[in-house]
Amino acid sequence: MSKQLYAHTERLSRFIIRRDRIRIPIWLFSLTIASVATALALANLYPNQEERQAIAKTMINPATTAIVGPGYGLDHYTLGAMMAHQMLGITAFVVGIMSILLVVRHTRADEEHGRIEIIRSLPTGRLSHLTATILVVCGVNVLLAFMHGFGLYLLNIESMDLEGSLLYGAALGATGLFFTAIGAFFAQLSDSSRGTIGLSFAVLGLAYLIRAVGDVSNQTLSWFSPFGWVQGTEVYVNNYWWPIFLTVGIAFVFIILALYLNVRRDLESGFLPSKPGRKHASSFLLSPLGLNLRLQRTGLLAWSIGLFVFGATYGSVLGDTESFFEEVEIMQELLRPKEGVSLTEQFLTLLMTIISMVCTIPALMAMFKLKGEEKNNRTEHVLARAVSRTHLMSSYFIISLVSGFVMLSIAALGMGIAATTAMDNGIALSMFMKAAWVYLPAICVMIGIAVFLIGVAPKLTGLTWLYLVYSYVVVYLGGLFQFPDWMAKLSPYGHIPKWPIEDMAFTPVAMLTMIALVLIGSGYIGYNKRDIAG
Amino acid sequence: MAILEARRLTKKFGHITALDGVDLEVNEGEIYGFIGPNGAGKSTTIRILLGIIKADGGEANIFGKDVWQDAVDIHKRIAYVPGDVNLWPNLTGGEVIDLFVKLRGTKNKSRRDELIQKFDLDPSKKCHAYSKGNRQKVALVAAFSADADLYILDEPTSGLDPLMERVFQECVMDVKREGKSVLLSSHILSEVEKLCDKVGIIRKGKIIETGTLSELRHLTRTNLLVETKQPIKSLGELKGVYDITAQGQAVKFQVDTEELDSVIRYVSQFGVIRLESAPPTLEDLFMRYYEGEAHAERAGAGGAS
């Protein structure tokens, strides 16, 4: 019996590890390094207790609680308590993403591509492949737990002892196990890898949302979410271990369920009926613009939600800028206070720089989709019909431009809403919007560069991203590194007036717009002249 | 009247010469078979004709308009099926067909549903779930439900099963009956032989042979199987005889079409018991050029390819 089900599980596990011998270490090391680096950064930023207590005060507001969780030990805010409060929930969320992607990759995605069929035709057990996948991803999470535990402990930070650090790691690992189980479970229900990922991510997002709503309104609700359990460990404060066992136990139930369902079903089928798609296109789809909107819909929606939360994160701390800056030295260097303007306003303009740069990313991605489509041989379908190249490029350009504007507005809105709820003497919402919109010309220049490169030098489009990173370093971190002024002036973001602390300067804004127009124009001309690869 | 005319088309990709003076002419109501080995320049030619890439030299007109300058106008009257059909994974086949038909500018719904049924395609499935053949069907249904004057088909049947191949051939014959023209690039020589009025063979970026099938057959050899009372003496020394193999009492060989008369006269002296002849197939023709190339390469500088 067990041979029928599990033959060669070990060999398949090794095979999966070999296939992911680069992917798994990348996940493990980048997560661990990110956590350790954050802990170090926190220790450097807030070396003494008064500073930390000041931060603790800024953390007690609904927006922050919704995003990172309620926090424990706020009245004695040690570095450990800080780390667990600000990082554990978010990191656990990323670990959930990792586990789902790894599991689906080796279960439903392999099945969809007909690879499981080949493996099942060999003398392997019926459950071997699923079991091997679960074993490997669980192993990855156990490893992650230990790497975090020892990594954080070895920093030798007083409030981060061995037990607390191991519990921190275990909390992440347990969340990983939980979502490994969820991924394996939905891989039996849905009959496509897209469907499996969609359902699993829905559970992940819902779990985080339940926790967020619960933490803000009624704590009992949070206990219906695995993220509530993880934070219930009160790492570095009270170190409760039982929520870990609860999480792992429930994960185990889902794993058993997944295995049971897998034995019961036929290969390449799913328990959820796959609903047939549309037989006819809606009239909305029937143009290049409609097609692109449809293709980019999910991505743009995800970015909007993400940027709203991103803006809200910054907005929620904005109200406490003053106390924040008095206490924390390094922030003063980043900002270099000016006479006659409030620190809050000054901080606002700095935040707008970073927000505008992040909002440039989805705008550029929307534009570069044109190149991606060409690479996938799909522009020829459109160009071989009665659609001109100008028309095709415009349908991407419009989405790029509009998404730049919308993303910026959404992020500013998130920031404004969070700030006005958290702040007593609130800045008007319209001011947030205007402070963000002054960056539109800079975003236009970036889109212009993208259009230009797609039209004239499609192999060099990667330079746009490099330029964005350069802009981030010199404009945002320029104050910190004390770069000379001209370096910031090489970036379009360096020319944007820092409204409202500076006067609105129209000359640079007009110049940037001109440059953007020239770039876009030459990009269009180039695209109309060059060979299309496919 | 020529619907499609290409003269001395050249195209270079870096140092590689993809096309080296390609001439092509497709007349109204004609099915033109465009054949040649992989990498000979078929798809490059087709992409130039579609205005997706620009020729370095020569000129190409469709409906009397320049393929590069007037691409959009030309495309309103063209239906195209690419060789490698990549579709958007999250759209259904039905959505893609509607999109393609709409982007051309006309719409013919009744034909669309009829074709979907004929090709046995499930239009409610997402494209990521389609096999290669099914993706090809999507492109074919979109092409044939369009009311085009010229159909450009780049190896359209490479993923279809024999049953669907026949459906495809019916569709081609249907549009021919309506007086439309077709440029069919293909590897399946039997298909070209069955459908095409005219054939062009491309090799290394040059059209090396073009004409109607019967014209081309003059250029090739007839297969003969002869059994005689006495063995045929010194058959191999005759002009125009190749590839002699003994088959029991009989011999099998190939004869140049222009030497057929003298060879038959010679052979008849030995008392013919059985004589079977098979017409030259396009495959023979194709293989002859193909082998010619291989021979030439072997004889050359050691087959550096």
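Cut-off values and rules
Residues numbered from 1 in each chain as written. Chains lettered and ligands numbered in written order. Predicted model: local features only at pLDDT ≥ 70, side-chain atom pairs only at ≥ 80, totals over all residues. Heavy atoms only, no water. pLDDT = per-residue confidence, 0-100. Helix = DSSP H or I, 4+ residues; strand = E, 2+ residues; numbered from the N terminus. 1 Å grid on protein atoms, 1.4 Å probe; cavity = no way out; pocket = protein on both sides within 12 Å on 5 of 7 lines; lining within 4 Å. Points joined across faces, edges and corners; volume = space filled by probe spheres on them. Nonpolar A, V, L, I, M, F, W, Y, C, P; charged D, E, K, R; others polar. Axes fitted to C-alpha atoms, helices over the stretch in contact; angles between N-to-C directions. Parallel < 35°, antiparallel > 145°, perpendicular 65-115°, else oblique. Left-handed = near helix turned anticlockwise from the far one by under 90°. Contact = heavy atoms within 4.5 Å. Buried < 20%, exposed > 50% of the residue type's maximum accessible area, 1.4 Å probe, protein only. Core = buried A, V, L, I, M, F, W, Y, C linked by side-chain atoms within 4.5 Å.

**As for the confidence of the model for chain A**
On average, residues of chain A score 89 in pLDDT, and 95% of them reach the 70 mark or higher. Here helix α17 (residues 329-335) of chain A stands out as the least confident element of chain A, with mean pLDDT 64; helix α22 (residues 440-456) of chain A is the most confident, with 97.

**Notes on empty space enclosed by the protein**
Residues and elements named next belong to chain A. Considering all chains together, one arrives at four cavities of 30 Å³ or more under this definition. Roughly 150 Å³ of internal volume is contained in the largest cavity. In this structure, the largest cavity is lined by 14 residues; those nearest its centre are Glu-111, Ile-116, Arg-120, Asn-262 and Arg-265. Elements with a contribution of two residues or more to the lining of the largest cavity: α7 (108-112), α8 (115-121) and α9 (128-153). Classifying every residue of the lining of the largest cavity gives four nonpolar, four polar and six charged. By volume, the second largest cavity amounts to about 100 Å³. Along the wall of the second largest cavity there are 14 residues; nearest its centre are Gly-71, Tyr-72, Ala-84, His-85 and Gln-231. The element contributing the most residues to the lining of the second largest cavity is helix α6 (residues 79-106), with four residues. Across the lining of the second largest cavity, the residue classes break down as eight nonpolar, five polar and one charged.

**What about the packing of α6(A) against helix α10 (residues 162-189) of chain A?**
Residues and elements named next belong to chain A. Contact geometry for α6 and α10: axes closest at 8 Å, N-to-C directions at 30°. Of the possible angle classes, the one that applies to α6 and α10 is roughly parallel. For the pair α6 and α10, the crossing hand works out as right-handed. Facing Met-83, Ala-84, Met-87, Leu-88, Thr-91, Ala-92, Val-95, Gly-96, Ser-99, Ile-100 and Val-103 of α6, the residues of α10 in contact are Tyr-168, Ala-171, Leu-172, Thr-175, Gly-176, Phe-179, Thr-180, Gly-183 and Ala-184.

**Describing the side chain of Glu374(A)**
Turning to its location among the elements, Glu374(A) is positioned in helix α18 (residues 343-375). Not counting residues within four places of it along the chain, the set of residues in contact with Glu374(A) comprises Thr379(A), Tyr527(A), Arg530(A), Asp531(A), Ile532(A), Ala533(A) and Gly534(A).

**Brief notes about the side chain of Ser35(A)**
All names here are of chain A. Relative to the helices and strands, Ser-35 resides in helix α3 (residues 23-45). Relative accessible area serves as the criterion here: at 1%, Ser-35 is assigned to the buried category. Setting aside residues no more than four positions away along its own chain, Ser-35 makes contact with Met-83, Thr-91, His-148 and Leu-152.

**Examining the nonpolar core**
Core analysis: the biggest nonpolar cluster contains 154 residues, and Phe144(B), Phe168(B) and Leu183(B) have the highest contact counts within it. Top element by residues in this core is α18(A). It accounts for 16 residues. Counting residues in hydrophobic clusters, the runner-up holds 71 residues, among them Met83(A), Phe186(A), Leu189(A) and Phe227(A).

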